[in-house]
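Listed below are the residues making up each chain.
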Amino acid sequence: MANFIDRRLNPKDKNLGNRRRFIRRVRSYVKQAVDEAVKKRGIADVDRGGKVSVPADSIHEPHFHHASEGGRRERVLPGNKHFRAGDRIDKPPGGGGGRGRKGAPSGDGEDDFVFALSREELLDVFFEDLELPDMIKKTLKEVEATEPKRAGISVTGTPGNLNVRRTMRNAFGRRLALRRPSDAAVSALRARLFDLEEIHEPDEAQREELLAIRAELDELLRRQKRVPYLDPLDVRYNYFEPKPRPKSNAVMFCLMDVSASMGEREKDLAKRFFVLLHLFLSRRYERVELVFIRHTHYASEVDEDTFFHSRETGGTVVSTALREMQRVVEERYAPSEWNIYAAQASDGDNYTGDSAGCVQLLNEGLMGLCQYFAYIEIIAEEEARFLKSDRNGTELWLAYRQVAEQWGNFAMKRISRPSDIYPVFRELFARRSAKAADA
Amino acid sequence: MPKGKRKPELLFQGADWDFDTLRRTYDAMEQIAREDLDLDFYRNQIEIISSEQMLDAYSSVGMPLMYRHWSFGKHFIHHERLYRKGAQGLAYEIVINSNPCISYCMEENTMPLQALVIAHAAFGHNHFFKNNHLFRQWTDPDGFLEYLNYAKAYIQRCEERHGAVEVERLLDSAHALMPSSVFRHRRPPAPSEREARARERLRLEEEERSVNYLWDAMPGSRRPAPDGSDLRERLRSMRLPEENLLYFIENHSPTLKPWQRQVLRIVRNISQYFYPQKQTQVMNEGCACFVHWEMLNRLHERGRIDDGAMIEVLHHHTNVITQPDFDDRRFGGINPYALGFAMMQDIKRICVDPTEEDRAWFPEIAGKGDWRGVLKDAWANYRDESFIQQYLSPKVMRDFRLFACADEAAEPWVTVSGIHDERGYLDVREALARSRDIAVREPDIQIVDVDLLGDRVLRLKHFERDGIPLERAPREATLAHLRHLWGHGVALEETR
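On a predicted model such as this, the values are computed, not experimentally measured, just so you know.

S.K.: Can you explain helix α12 (residues 281-301) of chain B? Please cite residues and give values.
M.R.: Residue and element names in this part refer to chain B. For α12, built from 21 residues, the straight-helix expectation of 30 Å at 1.5 Å per residue is met to within 8% by its first-to-last C-alpha distance of 30 Å. Judged by how many residues are buried, α12 sits mostly within the fold: 17 of 21 residues are covered. Once α12 ends, the next one or two residues include G303, with phi positive near 75°.

S.K.: Talk me through the sheet that holds strand β11 (residues 338-346) of chain A; I want residue IDs and the actual numbers.
M.R.: Residues and elements named next belong to chain A. Strand order in the open sheet made by the 6 strands is β10-β9-β8-β11-β12-β13, with mixed pairing throughout. The sheet is open, and its two borders are formed by β10 (299-302) and β13 (410-415), each paired with just one other strand. Neighbour to neighbour, the strand axes of the sheet diverge by 20° on average, direction disregarded. The pairing of β11 with strand β12 (residues 370-378) spans 7 bridges and is parallel. The partner of Q344 across the bridge, within β12, is Y375.

S.K.: How would you sum up the interface of chain B and chain A? Please name residues and give values.
M.R.: Contacts between the two partners involve 79 residues from chain B and, on the opposite side, 53 residues from chain A. Sorting elements by how many residues they give to the side of chain B that touches chain A places helix α3 (residues 70-85) of chain B first, with 10 residues. Here the residues of the side of chain B that touches chain A are counted per class, giving 39 nonpolar, 22 polar and 18 charged. The pairing of strand β3 (residues 72-77) of chain A with strand β4 (residues 403-408) of chain B spans 6 bridges and is classified as antiparallel. Along β4 of chain B, the bridge assignment pairs L77 of chain A with F403 of chain B.

S.K.: How would you explain the pairing of strand β5 (residues 413-419) of chain B if you had to name every residue and give the values?
M.R.: All names here are of chain B. By the criterion of burial, β5 is predominantly enclosed, with 5 of the 7 residues buried. Examined bridge by bridge, β4 and β5 share 5 bridges and lie antiparallel to one another. Bridging across to β5, D407 finds its partner in V414. Linking β4 to β5, which pair antiparallel, is a turn of 4 residues.

What counts, and at which threshold
Residues numbered from 1 in each chain as written. Chains lettered and ligands numbered in written order. Predicted model: local features only at pLDDT ≥ 70, side-chain atom pairs only at ≥ 80, totals over all residues. Helix = DSSP H or I, 4+ residues; strand = E, 2+ residues; numbered from the N terminus. Expected span 1.5 Å × (residues − 1). Buried ≥ 20, exposed ≤ 12 C-beta atoms within 10 Å, placed from the backbone. Pairing = 2+ DSSP bridges. Axes fitted to C-alpha atoms, helices over the stretch in contact; angles between N-to-C directions. Contact = placed C-beta atoms within 7 Å. Nonpolar A, V, L, I, M, F, W, Y, C, P; charged D, E, K, R; others polar.

Here it is in structure tokens:
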């Protein structure tokens, strides 16, 4: 007697715990891979999951075992073709005797150990530096929500989804086509039959009529039975398909100062800032377009690669970027159809006297169009120590402070570390959950 | 084969299976196992799993339950990658030496394959587990799954109490010593696994309540006696030399805490559990292949399975028992399935239809007819090395075209020391048997001395055989782990 057990429905991912331990173990390499992803990939692609390469040495599980060379050994091999006892076979040059072992599963090979990181795992590591609150990490990682949408009629389904009208219409059509006797016709005939049967002494004609009616009634009833009132063929169900929640479109403007004072560190921080905003937006909107505007003393719209990687020289006139943004909005993104977000990164330098122009541009034009405008000023870590107060700073900073006072949807922050980035979005997120609570 | 003669009795047709078919087929096979082959096996428990669950089982050394450790995650990722790329197929089954005997069969298997797998694992391996003397002596099939369950829970508790990092470091070190932590020559000094465990738990709880170290009670310093009787006494009291490294550390480490000792004990118990498997690869797989071959042929002869199913069975069977030549790209050593199956088939042939040569080589079994008895005796009382020594016949050596070569590191050539001919049979057989001997395959490392009242340096010796040294880098890395566990100095010396 054997006991058969179906284990297929047992909980999956038994190995998740081991996998987590493994990833923790190779943390530094995972971190490296994620940093690489942030650096190399487009803003919208950062969260695609990634590949981690770990040097086999660092996860080697050692134990005592014999060396592959040295000493005297004897092997028995199959498939002798022409050897005779006493033959000498030259060893291959360089290698030892016999054949080299192929990479054992324990990872003795010298190649790197490569594995894929899922989107979740990658975001975990990405968020780590940003010090996001847990609740927000979770919402950002969630895959898009769907809701069932009517998508036509189906012949299968649950009783709850029965489409009564369609079902009855089909039944009616079928009854007509197959000439099912109507209930009215049957009951009329039946009434006539009763009348005839009431008669005590029927005459010849009545007797014949009685017989004829009986026969006819039998026939009708038989036909009624054969052609049912409601047939399984008639039944129709409403069909639903899961559809992503309707969301409108958003466009995200990335504005950045690319003058020589913005180095690798500054650009990396700026990129993390843009990635995070993009993650927020892609959670919220079905489609998020990205527009990159870089500026020195003049501004231009460029593609992402140029934005982050090419170098420009020149002065710094911030208002040119705002003007360029205004131009692009007018040209392509009508505020009635698009939700407009802007994220600006700079090191705070601006051409003397230009900042007032920026304030004017924002106050009178852009802020009215934007859902949210986030500005970060990237400063060195030493600077962060003495620039404690928001009240002093560069001319641009002070000018933007005026904007922030006037507009609730303008956020600004000085950052020197990745963990400083999130607070810029705190408000944005808070507004959103407040809205959700209202709904 | 007269086709369709007994069609109504077919157990199944086509590739699809369901649980009724499995049960029906199992019952038919059980009848053959008992009546025709006279097998003796544990009650079977057959579990159907998905490919993902198979990968899970792969990564935790084939066990259904295992404590958590990063290395299992690594193995999982490794196997998963190979599998997804298509570079590696998954095993059709995994069988566990337990009572009842659990075999896992993949849901993707077709019905003929399920039949093959059940015959192979649930009858072949099962019979071997229950009867082979190594398994009987060294493993505890009744309690092992329960023990793993206990081990898993215990290590989880340790992680909660002492932190995952601490436990991980301990396990890393213990795993490094795992292969060098089995009793090869004497039985573990424990009455029965379960009794010992109960006692151990009581002892640990007691100990944890009142932390007092054994070593505090030792007298302070003594002068060594001039005649070395001290040393002898010391070695005797610690039962040195000791080949089971973890066992010694568990019992004599001056620094480990009780829970750490218990974790070491768990690791070495698991290591010990696999010790018989390592020594019986050829026999175990040979037995399983022989059994499935006999069983499915009987089913086919009796018209219980159709030609289509049999062809599929033959296809898998030949895949499994293929032995590529030494100069073939696919060559990866002697295939234990091939060698085991060939030898057992050969034993049957010698019993039933011997040649003159067989009569000369195997006078005690040739022509005696009772191949079942001979095989059962072999399965019960031998391990790979002795089985080959006893039963490898000239015919099998010729069929495999086996040849032995000697490889001296200092010489630029390899010498063919014997081939499959009259003069070479004994040499080749001897060499093959030796190469399957675990004492030759694995390094012999023993703890020879430690002065607990002195410098506490743990002294080990590697008894080199044929001048084969230890691989350098892993030797150092493993010693580092040993030092971590022991908490004091460690010295490993090579002896020829």
